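Here's the letter readout for the chains.
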Amino acid sequence: MLLSKNGLKNAVLSAMICSAAIFAASCTNFNTSESTDASSASSDAALSESDSDSLDSEAGENSSDEPAENSQESGSPDSSDDADGDTESSSVDSQEDSSSSELDSSTQTEDESESDSEADEQNDEESSISDSSTQFESAEQKLQTESRSVYLEIIKEREQLISEEESAFDEELCRYYIADINGDGISELLAEMGTCEADRTVYVYTSNEQQSEAVELGSFSSWRATLGIEDEILYIESTVMGNYVLSTATIENKELKVERSIQTNTESKISSPLKGYSYSDQTGVE
């Protein structure tokens, strides 16, 4: 059957509308499928992430519980063992401290005992030395006293001579000295006599070994002289024209040796002059 021109156009138009409808429906289905797939994928991802977080949380709880349980399981016995060990260690330390304290106390006691013993020994030695020194001083004093007593007769004779010939002797030049010249513990008598400075003389006496009599050792001129003893040497210092002429005297082998005018000085060299006694004063031999 032949169609008219308008009918043909309508048929073509209808076909085109149908094709467009079919194409639109196809596109709608495709978009819906993609949206559905995307939603499904998003839901699956969210579910997977939720499951993962749940698993991680459980794992964390399990891991935090395990150390606590292990700590509770293992902590109690170890703590007990440590407490026992600390108690035993404290007991041992206490015993060691006690032993050390006892040892220190014993050592201190021994040291004190030794110190006391040493102090006693030192005191005994000092006492012995003191006793020996006292005995020596007593013996020396006795020796000097005995040696001086033998000079008493000479002193009395000189006193009588001066009183009988008073006009002949100058009492200012007549005196005696007592001194140990050579340091042997025996005092010597230095008896000075003179009518004037020109004949002023010192006579030196010592006592014999028995301390029974005086023995003359020699003499020397004491013109304008001062006497002094230092280092077992008798110094004789005479003043001449403002100068000091120094001589010396020593005792060797019971003999008096004199060296005259060995030195001239402008100042005196005698620091401690001997003390002189008049013959009427016998305190020098007491």
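Just so it is clear, the model here is predicted, and its values are computed rather than measured. (Residues numbered from 1 in each chain as written. Predicted model: local features only at pLDDT ≥ 70, side-chain atom pairs only at ≥ 80, totals over all residues. Heavy atoms only, no water.)

S.K.: Please clarify how the pairing of strand 1 (residues 175–179) should be interpreted in this entry.
M.R.: Taken across its five residues, strand 1 has four buried, putting it largely inside the fold. The pairing of strand 1 with strand 2 (residues 188–193) spans five bridges and is antiparallel. Note on strand 2: the bridge partner recorded for Tyr-176 is Ala-191. (Buried < 20%, exposed > 50% of the residue type's maximum accessible area, 1.4 Å probe, protein only. Helix = DSSP H or I, 4+ residues; strand = E, 2+ residues; numbered from the N terminus. Pairing = 2+ DSSP bridges.)

S.K.: What is the right way to look at the nonpolar core in this model?
M.R.: Nonpolar side chains in soluble globular proteins generally cluster together in the buried interior. Ranked by size, the top nonpolar core spans 16 residues in total, and within it Tyr-176, Leu-189 and Tyr-279 carry the most contacts. Mapped onto this core, the elements with two or more residues apiece are helix 2 (152–164), strand 1 and strand 2. Non-local contacts of Tyr-279, meaning those with residues more than four positions away in its chain, are made with Ile-155, Arg-158, Glu-159, Ile-162, Cys-174, Arg-175, Tyr-176, Ala-191, Glu-192 and Met-193. Counting 14 residues, the second-largest nonpolar core is a separate cluster that includes Tyr-177, Leu-217, Phe-220 and Ala-249. (Core = buried A, V, L, I, M, F, W, Y, C linked by side-chain atoms within 4.5 Å. Contact = heavy atoms within 4.5 Å.)

S.K.: Honestly, the environment of Glu-166 in this entry has me stumped. Any pointers?
M.R.: Relative to the helices and strands, Glu-166 resides in the loop between helix 2 and strand 1. The class of Glu-166 is exposed, set by a relative accessible area of 53%. Between the alpha carbons of Glu-166 and Thr-195 there is a distance of 9.8 Å; along the sequence they are 29 residues apart.

S.K.: Even after reading the chapter, I still don't get the sheet that holds strand 2, so can you show me in this structure?
M.R.: One key point about sheets: their strands pair by backbone hydrogen bonds, in either a parallel or an antiparallel sense. In spatial order, the strands read 1-2-3-4; together these four strands make up an open sheet with antiparallel pairing. In the strand order of this sheet, the two ends are held by strand 1 and strand 4 (214–221), each with one partner. Strand-to-strand twist across the sheet, computed as the mean angle between neighbouring axes with direction ignored, equals 20 degrees. Where strand 3 (residues 201–207) meets strand 4, seven bridges bridge the pair, whose relative direction is antiparallel. By the bridge assignment, Thr-206 is partnered in strand 4 with Val-215. Sitting on the sheet, helix 2 touches strand 1, strand 2, strand 3 and strand 4, and the angle it makes with strand 2 is about 10 degrees. (Axes fitted to C-alpha atoms, helices over the stretch in contact; angles between N-to-C directions.)

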